[in-house]
Amino acid sequence: VICDLMAGLTDVLGQGLSHSFYPVPQEAIGVGSAFEGWSPHAEDVVYQVLVPLSPPPGHAFHLELATAGMAQRNFWVRVELLCTCSSGQLREDMLCFLHHPEQELRTEQEPSLLHTLCTGSYLDVEKTAQWFCRFVRLAWMLLPQSCHWRLTLLPSRRSCRVQLSKEKESLMAEMIFGVRRGDSDIFVGSQPSAVGTASTTWIETCAVAEAKFFRHISRQAPQDSCHCKCLQLLSHSLLGVGLSSYTLKTVLMHLLSTVPPVGWHSRDFPWRMMDIMEYLLCSLQTKKLQHFVIGNERFPGEISLPSDLRLAEPPNLFQQLVRDPNAHGKAVQECIHLLHG
């Protein structure tokens, strides 16, 4: 249902924006636990999709590094106007933003992206999310799904969150927006971040590469593979505990790259569960859990990474435990309790 909705929205957006200069949404990509097959929530599953944005005609996106963090980096998306005076311009009726008189541009053409969704020269996450939500509200009645489902837009500053309801059935979806790094599977995205993050800040995300890794494993694993069941059960057990599901997901991905596919049959479920917990406990005790995608020599070559990420030093996801002995001791005790349970 969510995939059909996104396909319909992309089509309507393409038609509705054909003469404007807003970002051009591309085919949405399902990411996160719901699309990877291990969501810990039996109910209230949020289907998260990443909507890649391309620059409109006469514009270009340039990614500029804002801050270099340990496990994530922040970027700005600078918007540049391009000359379209040459005969090779993309639209015959388009005036060049750089070389036509400003008065003519104001009266004859829709405003450039710099004058709609940017703050200064940078694409604004919050303005982009508000624009997309407005368009979803307008486009909804043109989609066939509107005959059977009721759509409710939910509050969100950096994404578009919707609830689809039909009788007793309900689905939640969150659309985050991303700009691709080159032609790789790494994006800078609008996913919610820490309080106080500037609206022009886009956060580097490996979500698409990780989703592709899960599909890569599914093609190799036995039909009754238990890897998603292990992660689903353990992450559900961690709800309300200090350890995050992303920590467990990282541990599982490391094990999936070392334990052969034949070792993940359903009959191996108890042993793989113990492997995950022992790997987690060892990582906690040593205060070291390397990021799975960044700097991983075993990461499948078929999934495209920028060269700087493939060759980088893997960030330590437990770096905060090195600085906080109390948090470290609590995490170890929680893991031991879960292991014995």
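Counting from 1, residues in each chain are numbered in the order their sequence is written. For a predicted model such as this one, the threshold for reporting local features is a pLDDT of at least 70, and the threshold for listing and counting side-chain atom pairs is 80 or more; totals across whole chains, interfaces and linings nevertheless cover every residue. Hydrogens are left out, water is left out, and the side-chain values use all remaining heavy atoms of the structure.

The name given to the protein chain in an unreviewed UniProt entry is IPIL1 protein, with Pheucticus melanocephalus as the source organism. UniProt positions are given in the numbering used here, feature names are shortened, and annotations may be inferred rather than shown by experiment. If you open the UniProt record of the protein chain and go to Subcellular location (unreviewed entry), you find "Membrane".

(A) Seen up close, the environment of Gln191. In this text, helices come from DSSP runs of H or I with a minimum length of four residues, and strands from runs of E with a minimum of two, each type numbered from the N-terminal end. Within the secondary structure layout, Gln191 lies in the loop between strand 11 (187-189) and strand 12 (202-205). Residue burial is assigned from relative accessible area. The probe radius is 1.4 Å, only protein chains are included, and a residue is buried under 20% of its type maximum, exposed over 50%, and partly exposed in between. Given the relative accessible area of 15%, Gln191 is considered buried. Each C-alpha atom, one on Gln191 and one on Arg158, is 6.4 Å from the other, the two residues being 33 residues apart in sequence. Each polar contact in these results corresponds to two N or O atoms within 3.5 Å; when the atoms are within protein, one needs to be able to donate a hydrogen and the other to accept it, and residues that are neighboring in sequence are counted only if both atoms are side-chain atoms. There is a polar contact of 3.4 Å between the side chain of Gln191 and the backbone oxygen of Ile203.

(B) Spotlight on the UniProt feature "domain: Mab-21-like HhH/H2TH-like" (unreviewed entry) in the protein chain. With numbering matched to this structure, UniProt assigns "domain: Mab-21-like HhH/H2TH-like" (unreviewed entry) to residues 243-293. Helix makes up 59% of residues 243-293 and strand 0%, and the two end C-alpha atoms of the span are 20 Å apart.

(C) Structural detail: the domain arrangement of the protein chain. Domain delimitation follows an automatic or database domain assignment. Splitting the protein chain by domain gives domain 1 (1-205) and domain 2 (220-340). Look at where the C-alpha atoms of domain 1 and domain 2 centre, and you get two points 31 Å apart. When checking whether two residues touch, look at their non-hydrogen atoms; a contact exists if any pair is within 4.5 Å. With 15 residues of domain 1 at the interface, the matching set in domain 2 holds 19 residues. In total, about 1,400 Å² of surface goes out of reach between domain 1 and domain 2, with carbon and sulfur atoms giving 61% of it. By convention in these notes, a salt bridge is any Lys or Arg side-chain nitrogen within 4 Å of a carboxyl oxygen on Asp or Glu. Counting every contact that joins domain 1 to domain 2 gives three salt bridges. Two residues, Glu36 and Lys249, come together in a salt bridge whose shortest N-O distance is 3.0 Å. For the pair domain 1 and domain 2, the number of links is six residue pairs in polar contact (both at pLDDT 80 or more). Classification convention: Asp, Glu, Lys, Arg as charged; Ala, Val, Leu, Ile, Met, Phe, Trp, Tyr, Cys, Pro as nonpolar; all other residues, Gly among them, as polar. Counted by class, the side of domain 1 that touches domain 2 contains five nonpolar, four polar and six charged residues. Put simply, buried area is how much 1.4 Å-probe accessible surface two parts lose in total, over both of them, once they are put together.

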